[in-house]
Amino acid sequence: MDKIKQLAELLKDAKDIACLTGAGMSTESGIPDFRSPNGIYNTLSSEEIFDINKFNREPSGFFKINGPLYCSIIEAKPNAGHLALAELETKFHKNVSVATQNIDGLHQKAGSTKVFEVHGTMHTLTCRKCGAQVVCNDYLAVFQNGETPRCKCGGIFKPDVTFYGENLPEQAFNDSIRAFRRCDLAIVLGTSLVVYPAASLPSQRPYTSKLVIINRSETAMDDEADIVINDSIGEVLPKALELL
Ligand code: CNA
């Protein structure tokens, strides 16, 4: 049977779906991922992007490099893959949890309601000095100019993204573990599965559940999966939903 039909069959049978999504989920929204041939790592190293020690030493350097990229992510729109995932909930009444490594907020914009941001979000900023939290939207001009966003108290704002060297948001990670432990279908979408502990989430699924991987390139879990589809999420998911 063709893989999309097989996927549609699994989606039909599933009641409780746990997804782990990564940067590949949003490339079709125009946001580059990290490790693809045209990914961000080809021009910037991880320390230049999200290293907490580097940020603490020189926050202005972080915003100079990342400010304009931040603007384009905040203004990005959900693609056909995000919308299809949301439809599984809203139109097909599946219980869908989305543990996402993405910081772009596109699952929520698409209408998914149970989204666990295991690497935080770039939509809010917190002042390092007084703890005030603000929304990024109010600082777009500052980002666009590569300037450092500052709080009224004079402190520097840090994006509420989990930087390398910081702990993961505990609640989001625990909610994700719970979702995978109770699912009957686990779906991995657009992640190279190399960033831990997020990459370990699919291993929490019950042994009776099915595993689907939709990712353009190979992953270390391919051998365990019931279906592996090496194609674009924005094409695969809507086609599978058409068969439901
Ligand atoms: P990654 O290591 O760059 O892997 C992305 C994977 O997606 C690759 O294996 C690609 O082959 C695959 N891929 C790319 N486009 C598609 C597509 N359209 N359809 C199917 N597969 C595709 O990124 P990971 O998410 O695995 O790494 C985790 C990091 C990336 C997290 O900490 C994120 O915060 C971080 N990140 C997030 C964003 C975002 O929020 N949109 C963007 C860039 C990086």
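Coordinates for the structure precede this section.
Described below are features of the structure shown in this document. (Residues numbered from 1 in each chain as written. Predicted model: local features only at pLDDT ≥ 70, side-chain atom pairs only at ≥ 80, totals over all residues. Heavy atoms only, no water.)

1. Things to note about the nonpolar core
Next up, step 1: In this structure, Phe50 and Phe143 are the most contacted members of the largest nonpolar core, which totals 27 residues.
Next up, step 2: Counting only elements with at least two residues in this core, the list comes to helix H2 (46–50), helix H3 (52–57), helix H4 (59–74), strand S4 (120–127), helix H7 (140–144) and strand S6 (157–161).
Next up, step 3: With 6 residues, the single largest contributor to this core is H4.
Next up, step 4: Excluding residues within four positions of it along the chain, phenylalanine 50 makes contact with Phe34, Phe62, Tyr70, Ile103, Val161, Phe163 and Tyr164.
Next up, step 5: Leu7, Leu88, Leu189 and Ile233 belong to the second-largest nonpolar core, a separate cluster that totals 25 residues. (Core = buried A, V, L, I, M, F, W, Y, C linked by side-chain atoms within 4.5 Å. Buried < 20%, exposed > 50% of the residue type's maximum accessible area, 1.4 Å probe, protein only. Helix = DSSP H or I, 4+ residues; strand = E, 2+ residues; numbered from the N terminus. Contact = heavy atoms within 4.5 Å.)

2. Considerations on the sheet that holds S4
Next up, step 1: The 3 strands are arranged S5-S4-S6 in an open sheet whose pairing can be described as antiparallel. Of all the strands in the sheet, just strand S5 (133–135) and S6 have a single pairing partner and so form its edges. For this sheet, the mean angle separating the axes of adjacent strands, direction not counted, is 40°.
Next up, step 2: In the sheet, S4 pairs with S5 via 3 bridges, with the strands oriented antiparallel. (Pairing = 2+ DSSP bridges. Axes fitted to C-alpha atoms, helices over the stretch in contact; angles between N-to-C directions.)

3. Re the site of the ligand
Next up, step 1: If you check the shell around the ligand, you find 27 residues, and the closest are Arg35, Asp104, His119, Thr191 and Ser192.
Next up, step 2: Within the contact set of the ligand, a nitrogen atom lies 2.8 Å away from a side-chain nitrogen or oxygen of glutamate 28.
Next up, step 3: Here serine 217 contributes a side-chain N or O atom positioned 2.7 Å from an oxygen atom of the ligand.
Next up, step 4: For the shell around the ligand, a count of residues per class yields 7 nonpolar, 14 polar and 6 charged. (Near = heavy atom within 4 Å. Polar contact = N/O pair within 3.5 Å; in protein donor to acceptor, adjacent residues only side chain to side chain. Nonpolar A, V, L, I, M, F, W, Y, C, P; charged D, E, K, R; others polar.)

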